[in-house]
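# Observations on the model geometry
The lines below spell out each chain.
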Amino acid sequence: MAIAMYYKKVHGHQVLEATLLDAVTNVGDGEWVDCSGFHGLTVDIEGITTATVSIRCSNSPTRPLNTEHEREVQSVTSDSTVVIVFPVRWLKARVTAYTSGTIYAHLYGNSPQ
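For clarity, every value in this text was computed on a predicted model and none was experimentally measured.

### Overview of unusual backbone geometry
With the exception of glycine, the majority of residues adopt a negative phi angle, and the majority of peptide bonds are in the trans configuration. At A23, a residue that is not glycine, the phi angle is positive and equals roughly 55 degrees. Of note, A23 is situated in strand 2 (residues 13-24). The phi dihedral of E70 falls on the positive side, at around 50 degrees, and the residue is not glycine. Turning to its location among the elements, E70 is positioned in the loop between strand 5 (39-58) and strand 6 (71-76). E70 sits in the partly exposed class, given a relative accessible area of 30%.

### So, the pairing of strand 7 (residues 80-84)
Residues S80, V82 and I84 point to one face of strand 7 and are all buried, whereas T81 and V83, pointing to the other face, are not buried. Across five bridges, the pairing between strand 5 and strand 7 is antiparallel. Bridging across to strand 7, I45 finds its partner in S80.

### A closer look at the environment of R94
Along the chain, R94 turns up in strand 8 (residues 90-110). Taking the C-alpha atoms as reference points, R94 and Y108, separated by 14 residues in sequence, lie 17 Å from one another. Residue contacts for R94: discarding those within four places in its chain leaves G28, D29, G30, T52, V53, S54, R56 and H69. Within the structure, R94 has its side chain in polar contact with the side chain of D29 (distance 2.7 Å). Here the side chain of R94 touches H69 through a polar contact of 2.9 Å, side chain to side chain.

### A word on the pattern of salt bridges
A complete count under the given rule lists five salt bridges for this structure. Of the charged contacts in the structure, one is a salt bridge between E72 and R56, with a shortest N-O distance of 3.5 Å. In this pair, E72 is assigned in strand 6 and R56 in strand 5, connecting sequence segments 16 residues apart. Residue class for E72 comes out partly exposed when judged on its relative accessible area of 43%. For R56, a relative accessible area of 12% corresponds to the buried category. Through salt bridges with shared partners, a single network forms among D29, K92 and R94.

### Some details on the environment of L41
Positionally, L41 belongs in strand 5. With 41 residues separating them in the primary sequence, L41 and V82 have C-alpha atoms 8.4 Å apart. Excluding residues that lie within four positions of it along the chain, L41 makes contacts with C35, V82, V83, I84, V88, L107, Y108 and G109.

What counts as what
Residues numbered from 1 in each chain as written. Predicted model: local features only at pLDDT ≥ 70, side-chain atom pairs only at ≥ 80, totals over all residues. Heavy atoms only, no water. Helix = DSSP H or I, 4+ residues; strand = E, 2+ residues; numbered from the N terminus. Buried < 20%, exposed > 50% of the residue type's maximum accessible area, 1.4 Å probe, protein only. Pairing = 2+ DSSP bridges. Contact = heavy atoms within 4.5 Å. Polar contact = N/O pair within 3.5 Å; in protein donor to acceptor, adjacent residues only side chain to side chain. Salt bridge = Lys/Arg side-chain N within 4 Å of Asp/Glu carboxyl O.

Here it is, written out as structure tokens:
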């Protein structure tokens, strides 16, 4: 499960873009992404045919192990956009059940200034 992260400035705001799941075709854990200072987080999930994806969060001061699951934000069984309206330090996507599909999950967030 690859992870790609990009930080860029858009209209004076720092923007975070990260790939949480990249063409996943089995059950497994994604990698934790540090979302400190970013608000208005959204996770776009696509490619689910028959599978369950769980968006997980943690406010631990240190990065959790990828095998740790912490708290669930939301679990989805179809292509969805998950909106996170509360501050989180760490975020990851996790495929908890899989039968078919090629699953992608992309994280977007912006900083207030």
